[in-house]
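Chains, contacts and geometry: an overview
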Amino acid sequence: MSKRYYNHKRQRDEDGDAPGRTRHPPGLKGKDIGLFYARRSQARKQRKETLGTVCLSDSKEKEIRRLFYGKSLENLNLTDGNSYTHIEDSIFKRSYLSSIRGNITEKLCEAPIDMLRVPHLDEQLKNEFDKKCKDSKYISMFKFREKLPSYSMREALLKVIEENQVVVISGETGCGKTTQVAQFILDDYLMKGKGSMCKIICTQPRRISAISVAERVADERAEKLGVSVGYQIRLEKKLPRDHGSIVYCTTGVVLKQMESDPALSQVSHIIIDEIHERSVPSDFLITLLREIIKRRTDLKVILMSATLNSEAFSKYYNNCPHLNIPGFTFPVEEYFLEDVLQMTKFKFNQIGPQNGNRFYWKKKQDNKDPAHIEFKEYIVPYARQLKSEGQYDVQVCEQLKDIDSEKINLDLIFDLVVHICESRKEDGALLVFLTGYAEISNLYKKLETSKKFPTSKYVIFPLHSQMSTVDQRQIFLPAPTGKRKIIISTNIAETSVTIDDVVFVIDCGKIKMTHFDVDSNTEKLEPLWVSVANADQRRGRAGRVKPGVCFHMYSRARHMIIEKYQKPEIIRVRLDSTILQAKILQLGKIEEFFPKLMDPPDSKAIQLSLDLLQRLNALDDNENLTPLGYHLAKLPVAPQVGKMILFGAIFSCLNPVLAIAASLDFKDAFQIPLGKEKQADMKKREISDGLNSDHWLLYKALETYETEGNTQRFCYEYFLSSFTLSQLKKMKDQFMTYLMDLNFVSSLNPRDPPLNRNSRNASLIKAVICAGLFPNVAVLRLDQRGRARTIRSIDGEQRYKFHPGSVLSGYNTCVFESPLIVYYKKLKSSSDFIHDATMVHPLPIIFFGDQFSHKLTPDGHCISISKFLTFKTTEGTYRVIKELRDRMNWFLEHKITHPGFVNWNEPSNEMNVLTAIMELITSEDLGDIDNEDDDDDDCY
DNA sequence: GAGCACTGC
């Protein structure tokens, strides 16, 4: 194909109609010159509008027709030789219809409430508990518990929970609310002989905290996990007894459970912890619970938050009672930028009026950027005031007036680290918060090469979710005697990772966050100012074992004007999955439910997601779940990923598709080892088979891991995270249980041969990826050698680049046979990037794309998809495509509404149809793909 | 030529 492309190109050059030459041919005069350019621009316009010619060969067309029409498609009905039966069909029908009819209120009224008292159990639980209270281990743990601040509030807490349906409890880290509140309730029930009536769920935002809190609580109760305390997170659980128990689980788990049991019929108390973090699941859950408690009047809801914004939650729940538990942490001295400059005598590499760069200086002063205006309005006057007060050096005050003083300066941070290490002799680790990979890497190198941090006296760790640190455990262990531990971290150390012996914290003042920009319909990853809540959290990391010190790399004036809280996640992200979840919960019209949220998302963001879901055929025009939407809502993945999974099952290439789906929905397993970035990149490309597909690479990585004998060596050699890979493997297994429930497969083994008949067919797998990810399509403009010069997504005018982490990036490797790619994630950061991509040929796009249309132009027949993707074709091919597309869509619709698996071993109508579709969408050898580039820059 | 962090019976 690529060979043909080159010939085609050369031909054009010889014709003299070469694209992109700015000069007309010699010998033309006057009007002819004008005509030459007019004609050329016309031709260019035409070329720009079409992406190539699609033309099936006669033999191909015949073969496809034979397969399609071997038997009449209309005969394909429920009694055809397939494994699905009438009963299974009606099960689907019933659950589907019940899921689109009615609403949550009715569903709640129908739900059986299962909180019945079991007297003999009450007695048994009471006796067990009485006995436990005499246990020596329990008593010694109890002595510790008594000292926690929350213990003194025990009676008050129980009383307020007893008397109210909803309560907000606030308290800082160290007050013991997470471990104690649930136990107070449980113990009270057990003692009063009502144990069978008590089943407490306590949600945690993170998997690790769910497990570690459960372990801690079991320990305090002198028990093993699984008796009165347990946990449940995705892919892992250790459940306690049914009655008289506490389960710690992630918020997502409860939400998923509520899809089938919205009344939480087995639960007496639900505690939502860390609601101040404002994650999507916790925001969604507290809104949902407001509806639930109307029916479940016996259900107790306890909201737990940090003190900072707890009032807002009480207000949200109709001014419900609010109880604060005083916390206990060690005091932390706080310093700001002015103090740091004073201590270190640091001088910025300043460009001022005094050293000759007057032009640049003036430009900087006159900047009309809102950030500059804000700086001049608040920070500069503060610096002036400081100067007049005379407490700080004049030099310090002058430097604060430069807006560059608010940029992250690694030299300054380096000097501060030196200053801390030289002036503070006491033990204790130093934790530096930076925003991302590059900064961590740079500071790490700076420290390592400076000679001021010899390995005999210091141990330095970078900490980033994608860096494989030699031995993770060492980060948590106290440093060897006589050595100081320095950790350079992202915000992962803010909440997700806790290092106990930290005494010094440097807070760079910035945090990277994704933010969904509704106007450009893209996500952005930007470093922003931290909120006061983040700053407090970072500061708190210094006071866990003894008094600490925190240095904020911004002035007190800046501290006064930064936001108090981070924006809730729900107004920063795409809402596709959340909307689907609201639909399966039968919460009614989205425009009616979403405004009930504490911070409702922009209606534009809602509309964008509704549009996408309708385009995916998950919702109909009335916003009801379609049969496809019903399946997608049941699968615990993003809708496009779910669609890919269903197509993988239908086309019998499930194992590879599940691997890709798991990786896209969770994360890829590739690590970026500090100092070996290039090497890791090479290894990654090594296993990609040169197929111009990151998705294929994801499959290859997991597949090799699953089939390789020595997984450890494989992971080490290819810089892969074996933990991530093992999670991905478990996710595949989990998808199988869902597919089994939905009746798309007959086995729980993702590698079952009948489900993988076509798993070696890379073209088909790419077509299935396309079927799932559409409309995430981008069009490449290629240079003369077939390399991507510009990339434009079909959803807007914006141009993109392949992210350097993609195997499609790189100026020296990729030659594209087709100008079409499908992608899953695009993100604006330092540039506009498409993170993962698969090159696809036109036919999968033509068959799985929407808005199919046909036009007869003077040049011949044209077909287009989504208005923008136009291909030239012949009349014959157009007719075949049109006919087959209609039939294929009808057939796929039939498969979705009649879930069942295909027996590929016996010839059947259905198999013929599938084979025909396969033949068609994997036909790569079509006409020429016209993807040449004009030399001028105005293309697109 | 670059990668905040979470999460789903």
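Residues numbered from 1 in each chain as written. Chains lettered and ligands numbered in written order. Predicted model: local features only at pLDDT ≥ 70, side-chain atom pairs only at ≥ 80, totals over all residues. Heavy atoms only, no water.

An unreviewed UniProt entry lists chain A under the name RNA helicase, with Phaedon cochleariae given as the organism. Under the UniProt heading Sequence similarities (unreviewed entry), the note attached to chain A is "Belongs to the DEAD box helicase family. DEAH subfamily." Its UniProt record gives chain A the following Catalytic activity (unreviewed entry) comment, quoted word for word: "ATP + H2O = ADP + phosphate + H(+)". (UniProt positions renumbered as here; feature names shortened; annotations may be inferred.)

1. Re the packing of aromatic side chains
The full count for this structure, using the stated rule, is 22 aromatic pairs. With a centroid separation of 5.6 Å and an interplanar angle of 90°, the aromatic rings of Phe142 and Tyr151 are classed as edge-to-face. The class of Phe142 is partly exposed, set by a relative accessible area of 23%. Arranged with centres 5.4 Å apart and planes meeting at 20°, the rings of Tyr335 and Phe551 form a pair that is stacked. (Phe/Tyr/Trp six-rings, centres within 6.5 Å; stacked < 30°, edge-to-face > 60°. Buried < 20%, exposed > 50% of the residue type's maximum accessible area, 1.4 Å probe, protein only.)

2. Quick word on the sheet that holds strand β16 (residues 522-529)
On the basis of which strands lie adjacent, the open sheet formed by nine strands has the order β15-β16-β22-β23-β20-β19-β18-β21-β24 and mixed pairing. Two strands close off the open sheet at either side, each with one partner strand: β15 (510-517) and β24 (837-840). Strand-to-strand twist across the sheet, computed as the mean angle between neighbouring axes with direction ignored, equals 35°. Examined bridge by bridge, strand β22 (residues 826-828) and strand β23 (residues 832-834) share three bridges and lie antiparallel to one another. What sits directly across from Lys826, in β23, is Ile834. Contacts between helix α31 (residues 694-707) and the sheet are confined to β21 (820-823) and β24, with β24 contributing the most and set at about 115° to the helix. (Pairing = 2+ DSSP bridges. Helix = DSSP H or I, 4+ residues; strand = E, 2+ residues; numbered from the N terminus. Axes fitted to C-alpha atoms, helices over the stretch in contact; angles between N-to-C directions. Contact = heavy atoms within 4.5 Å.)

3. Looking at the pairing of strand β12 (residues 458-463)
Of all the six residues making up β12, six are buried; the element is thus mostly covered by neighbouring parts of the structure. Where β12 lies against strand β13 (residues 484-489), six bridges are found, and the strand directions are parallel. Paired with Val459 across the two strands is Lys485, which belongs to β13.

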